[in-house]
Amino acid sequence: MDYNSTLNWMFSQLPMFQRQGKTAFKKDLTNSIAFSKHLKYPETKFKTIHVAGTNGKGSTSHMLAAVLQEAGYKVGLYTSPHLKDFRERIKINGEVIRKIDVINFIKKQQLFFETNNLSFFEMTVGLAFNYFAKQKVDIAIIEVGLGGRLDSTNIITPEVSVITNIGIDHTQFLGETLPEIAFEKAGIIKHNIPVVIGEYQEEIFQVFVEKAAQCQAKLYLASKNIKNSYKSDLKGIYQLHNIKTVLQTIEVLRMKGYHISEVNIKNGLQNVVKNTGLLGRWQQINENPKAICDTGHNKEGLVYVLKQLKEEIYDKLHFVFGVVNDKDLSTILHLFPKDAVYYFCKPDIPRGLEAKELQQKCAEFNLIGDVYFSVSDAYKNAKLNSNKKDLIFVGGSTFVVAEVV
């Protein structure tokens, strides 16, 4: 198999949340544990930091990696989903895994996958852990795929567990209420392992306090403890929360004997994109007219994006908008600017919501625009209709952003 046919086999043969949604979710760690045993427990051969949360876990993971790289560590980084290429999920010091390593691993393990009916996530996590062990990383930042308690990554014993914040997302798997979702995320808290909570949220903080007490895990609240801040090349007001979470996590690592200087922190935070290759976080993709994309896709994420848009100066806003079909739009559409021109499109995945349907839902909130047959067509038309002082924003879904970066 070549690289593309290897990926096609992974994507098509086995359910995958990114494309399919609910049917890809497994409420069990049995396969992950069995696969780890089969691979001779690769995740025990290097140190880890485990990062969960509804929003900010991707940015936080990349910031942590960037800082640790500046401090001279060989850093593995496992994140999801990818934007352009599957290999973005598995990096060491910002370099993606080689195609041949993906091909050889899948080929070698194919019989095990088929016999045990592993999901896409379970295979990918095994690939990442095996790769990091073989490459002898000093430490790996492991971002939770979905939830925490039953996520395929939750077989590690990290140096520190990190939970950025809790919002309403993926309710079909994680529960309808914030406390239910918090319970799932709190599942990454381990016995005697420190845990960093990014933000104080009154409704759910007690969930973390109780779980940490049960696990005799020391709890650190970043939003309360961290008073200073640093600049980052990741733009967006929401990054201020993530930076505090990172600073608190680094403090915990220092207590454990990691050598990370103030200069390492400063340089790491200002070179996240350069050090890790992160895409799609308040990223400028065009000048004259200025065009920005952002992967914010649930209520909390979009609230920050819309707040950030208000800070921009422009004559007219052109909004390229597409979503997946499991989002409850009624909770967020009233927040969207009514004076923008909308360009409705469907991201190119089975879970994408039809653009016509999106247009109809938006019309109920006086958000008016035309339907386009693809994201790139919508973006192209937004550019054609804009003057130099206008602003184009592309977002609503990670998968929309993936088609323009």
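Quick note: structure is the one above.
So, here's what we can say about the structure. Throughout this document, residue positions are counted from 1 along each chain, in the order its sequence is written. Since the coordinates come from a predicted model, pLDDT governs what is reported: local features require at least 70, and pairs of side-chain atoms require 80 or more to be given and counted, while whole-chain, interface and lining totals use all residues. Computation of side-chain values covers all heavy atoms of the structure but excludes hydrogens and water.

### A word on unusual backbone geometry
The condition that has to hold: Starting at the N terminus, helices and strands are each numbered in turn, a helix being any DSSP run of H or I of at least four residues and a strand any DSSP run of E of at least two.
In this structure, the amide linkage connecting Ser80 to the following residue, Pro81, adopts the cis form with an omega of -5°. A cis geometry characterises the amide bond from Asn288 onward to Pro289, with omega recorded as 0°. Tracing the sequence through the fold places Pro289 in the loop between strand E9 (283–286) and strand E10 (290–293).

### Details of the sheet that holds strand E12 (residues 341–344)
Defined as follows: In this scheme, strands are said to pair when DSSP sees at least two bridges between them. Interaxial angles span 0 to 180 degrees and are taken between N-to-C directions of axes, which are lines fitted to C-alpha atoms, for helices over the stretch in contact. Contact between two residues is taken to exist if any of their heavy atoms lie within 4.5 Å; hydrogens are not considered.
Taken in spatial order, the 6 strands line up as E9-E10-E14-E11-E12-E13 in an open sheet, and their pairing is mixed. Each of the sheet's edge strands pairs with one partner strand only, and the pair in question is E9 and strand E13 (369–371). Taking each pair of neighbouring strands and ignoring which way they run, the sheet shows an average axis angle of 20°. Where helix H16 (residues 375–384) meets the sheet, its contacts fall on E9, E10, strand E11 (317–321), E12 and strand E14 (391–395), and the angle it forms with E11 comes to roughly 175°.

### Section: the state of the cysteines
Cut-off, in case you're wondering: Disulfides are defined in this document as cysteine sulfur pairs within 2.5 Å. Buried residues are those whose accessible area, probed at 1.4 Å on protein chains only, stays under 20% of the maximum for their type, while exposed residues exceed 50% and partly exposed ones sit between those limits.
For the structure on display, the rule yields 0 disulfides. No disulfide involves Cys345; its sulfur sits 11 Å from that of Cys362, the nearest cysteine. Residue Cys345 is classed as buried on the basis of its relative accessible area of 0%.

### Focus on the pairing of E11
Taken across its 5 residues, E11 has 5 buried, putting it largely inside the fold. Covered by surrounding structure in E11 are Leu317, Phe319 and Phe321 together with His318 and Val320, the residues of both alternating faces. Here E11 runs beside E14; their pairing, made up of 5 bridges, is parallel. When the bridges of E14 are listed, Leu317 appears paired with Leu391. When E11 meets E12, the two strands line up parallel, connected through 4 bridges. Bridging across to E12, His318 finds its partner in Val341.

### Quick word on the packing of helix H3 (residues 30–38) against helix H6 (residues 120–134)
The test is simple: Small angles under 35 degrees read as roughly parallel and large ones over 145 as roughly antiparallel, with 65 to 115 read as roughly perpendicular and the rest as oblique. Each helix crossing is assigned a hand: it is left-handed if the near helix lies turned anticlockwise from the far helix by less than a right angle, otherwise right-handed if that turn is clockwise. Classification convention: Asp, Glu, Lys, Arg as charged; Ala, Val, Leu, Ile, Met, Phe, Trp, Tyr, Cys, Pro as nonpolar; all other residues, Gly among them, as polar.
In the contact formed by H3 and H6, the axes pass within 10 Å of each other and the chain directions differ by 30°. As far as their axial angle goes, H6 and H3 are roughly parallel. Seen from above, H3 lies across H6 with right-handed handedness. Here H3 contributes Asn31, Ser32 and Phe35 to the contact with H6, which in turn contributes Glu122, Met123 and Gly126. Broken down by class, the residue content of the contact of H3 with H6 amounts to 2 nonpolar, 3 polar and 1 charged.

### Regarding the sheet that holds strand E6 (residues 160–163)
Pairing within the open sheet is mixed, and its 8 strands lie in the order E4-E3-E2-E5-E1-E6-E7-E8. Edge positions in the open sheet fall to strand E4 (95–96) and strand E8 (219–221), since each of these has one partner strand only. Two strands pair when backbone bridges link them, and strand E7 (residues 195–197) and E8 are joined in this way by 3 bridges, in the parallel orientation. Bridging from a neighbouring strand, Ile197 pairs with Leu221 of E8. Sheet strands touched by H6: strand E2 (75–78), strand E3 (90–92) and strand E5 (139–143). Its angle to E3, the strand with the most contacts, is close to 15°.

### Some remarks on the environment of Ile313
Within the secondary structure layout, Ile313 lies in the loop between helix H14 (299–311) and E11. Take Ile313: its relative accessible area is 84%, and that puts it in the exposed class. Remark: the alpha-carbon pair of Ile313 and Asp390, spanning 77 residues in sequence, is separated by 8.5 Å.

### Observations regarding helix H9 (residues 205–214)
Operational definition: Working note: the arc is built from the helix axis to C-beta atom directions.
Taken as a whole, H9 has its buried residues at Phe205, Phe208 and Ala212. The arc enclosing the buried residues of H9, seen along the axis, measures out at 65°, which places them on a common side. Those residues of H9 that are exposed and angled more than 90 degrees off the buried face are Ala213 and Gln214. At its buried positions, H9 is contacted by E6, helix H8 (178–185), E7 and E8. Remark: Gln216 follows H9 within two positions and exhibits a positive phi of approximately 50°.

### Section: the packing of helix H4 (residues 57–70) against helix H12 (residues 262–270)
Packing of H4 against H12 brings their axes to within 8 Å, and their N-to-C directions diverge by 130°. When the axis of H4 is compared with that of H12, the two are oblique. Between H4 and H12 lies a crossing whose hand is right-handed. Counting all contacts with H4, which are made through Met63, Ala66, Val67 and Glu70, the residues of H12 involved are Asn264, Ile265, Asn267, Gly268 and Leu269. In the contact of H4 with H12, the residues fall into 5 nonpolar, 3 polar and 1 charged.

Everything listed here is a matter of coordinates, which is why it stays silent on function.
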